[in-house]
Amino acid sequence: MTQDELKKAVGWAALEYVPQDTIVGVGTGSTAAHFIDALATIKHKIEGTVSSSEASTERLKSYGIPVFELNAVDGIEVYVDGADEITKHMHMIKGGGAALTREKIIAAVAKKFVCVADASKQVGVLGQFPLPVEVIPMARSYVARELVKLGGDPVWREGVITDNGNVILDVYNMKIMEPKQMEHDINMITGVVTNGLFAYRGADICLLGTDTGVVTLEP
């Protein structure tokens, strides 16, 4: 199977975790897009969605799926989103699509976080994928210097502005042995909005697309 076929398989498999008559949190990226396609087939069975990005909102609305502001809903039963890397402990790196802050907010609200990913995203140690950090624009150079002190090589993702109006620094060459500690340390840098480590709020379950089918992983 191609990588896209694996993403499609897990996107559709995630429907099993969507309760009827509830608000569904929807992530961002190519795998989440397949989930949106699948969700459209049961849109009459859900109350609506909360979206983590403008791109996902547009895709949801193109199917006629209601999209609510997070502040307008009481809660989210399940959040379905992809990952750039995920470990057996359900710790992740996210933010390749620059939507990490909204993704992290929705994940915090959701009762269950279902990660959908192809097998290439599973790793033993996080950090081969550059860690995205969302930064207030005026703090970019300062934050970059502080990230160097933490052992990383930050690179400004030029030309990219997040949906929140901020910039992204991608941190290369970090072997992240203690994800929770690193998530905390980066978030303590003044000017950082948040970083793409999802360790404090990792996935509750991961649907992993493999050549032999969808494998369900739990911590």
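What counts, and where the lines are drawn
- Residues numbered from 1 in each chain as written.
- Predicted model: local features only at pLDDT ≥ 70, side-chain atom pairs only at ≥ 80, totals over all residues.
- Heavy atoms only, no water.
- UniProt positions renumbered as here; feature names shortened; annotations may be inferred.
- Pairing = 2+ DSSP bridges.
- Helix = DSSP H or I, 4+ residues; strand = E, 2+ residues; numbered from the N terminus.
- Axes fitted to C-alpha atoms, helices over the stretch in contact; angles between N-to-C directions.
- Contact = heavy atoms within 4.5 Å.
- Salt bridge = Lys/Arg side-chain N within 4 Å of Asp/Glu carboxyl O.
- Buried < 20%, exposed > 50% of the residue type's maximum accessible area, 1.4 Å probe, protein only.
- Arc of directions from axis to C-beta.
- Core = buried A, V, L, I, M, F, W, Y, C linked by side-chain atoms within 4.5 Å.
- Phe/Tyr/Trp six-rings, centres within 6.5 Å; stacked < 30°, edge-to-face > 60°.
- Lys NZ or Arg CZ within 6 Å of the ring centre and 35° of its normal.

Per an unreviewed UniProt entry, the protein goes by Ribose-5-phosphate isomerase A and derives from Neiella holothuriorum. Regarding the protein, the relevant UniProt record gives this comment under Subunit (unreviewed entry): "Homodimer." UniProt, in the comment section headed Function (unreviewed entry), describes the protein in these words: "Catalyzes the reversible conversion of ribose-5-phosphate to ribulose 5-phosphate."

### Here we look at the sheet that holds strand S7 (residues 131-135)
With antiparallel pairing, four strands are arranged side by side in an open sheet as S8-S9-S7-S10. Only two strands of the sheet have a single neighbouring strand rather than two, namely strand S8 (153-156) and strand S10 (192-195). Taken pair by pair, the neighbouring strands of this sheet meet at an average axis angle of 30 degrees, ignoring direction. Of the strands in this sheet, S7, strand S9 (167-172) and S10 are in contact with helix H4 (residues 100-109), which crosses S10 at around 70 degrees. Running at roughly 165 degrees to S10, helix H6 (residues 179-187) makes contact with S7 and S10 of the sheet.

### Observations concerning the pattern of salt bridges
Applying the stated criterion across every chain, the model contains ten salt bridges. Note that Glu54 is salt-bridged to Arg102, the shortest N-O span being 3.3 Å. With a gap of 48 residues between them, Glu54 in helix H3 (residues 54-62) and Arg102 in helix H4 connect regions that are remote in the sequence. With a relative accessible area of 41%, Glu54 lands in the partly exposed category. For Arg102, a relative accessible area of 25% gives the class partly exposed.

### Some thoughts on helix H5 (residues 140-149)
Those residues of H5 that sit buried are Val143, Ala144, Glu146 and Leu147. The buried residues of H5 occupy an angular sector of 165 degrees when the element is viewed end-on, so they sit on one face. Facing away from the buried side of H5 by over 90 degrees, the exposed positions are Arg145 and Lys149. Looking at the buried residues of H5, the elements they touch are S7, S8, S9, H6 and S10.

### Quick word on the nonpolar core
Membership of the largest hydrophobic core comes to 21 residues, with the highest contact counts inside it found for Phe35 and Leu39. Broken down by secondary-structure element, the contributors of at least two residues to this core are strand S1 (23-26), helix H2 (30-39), strand S3 (76-81), strand S6 (110-118) and strand S12 (205-210). With four residues, H2 is the largest single contributor of residues to this core.

### A short note on the packing of aromatic side chains
How two aromatic rings sit relative to each other is set out by the distance from centre to centre and by the angle between their planes. In total, this model carries two aromatic pairs according to the counting rule given. Ring geometry for Tyr79 versus Phe113: centroids 5.0 Å apart, planes at 45 degrees, classification tilted. Remark: Phe113 occurs in strand S6 and Tyr79 occurs in strand S3; sequence separation between them is 34 residues. Note on Phe113: relative accessible area 0%, which makes it buried. Here Phe113 and Phe198 contribute two aromatic rings whose centre-to-centre distance is 6.5 Å and whose plane-to-plane angle is 70 degrees, an arrangement assigned as edge-to-face. Here Phe113 is found in strand S6, whereas its partner Phe198 is found in strand S11 (residues 197-198), with 85 residues between them in sequence. Of the two residues examined, Phe113 and Phe198, each falls in the buried class. The structure contains a cluster of three or more aromatic residues connected by ring pairs, namely Tyr79, Phe113 and Phe198. Lying across the ring of Phe198, Lys104 places its NZ or CZ 5.1 Å from the centre.

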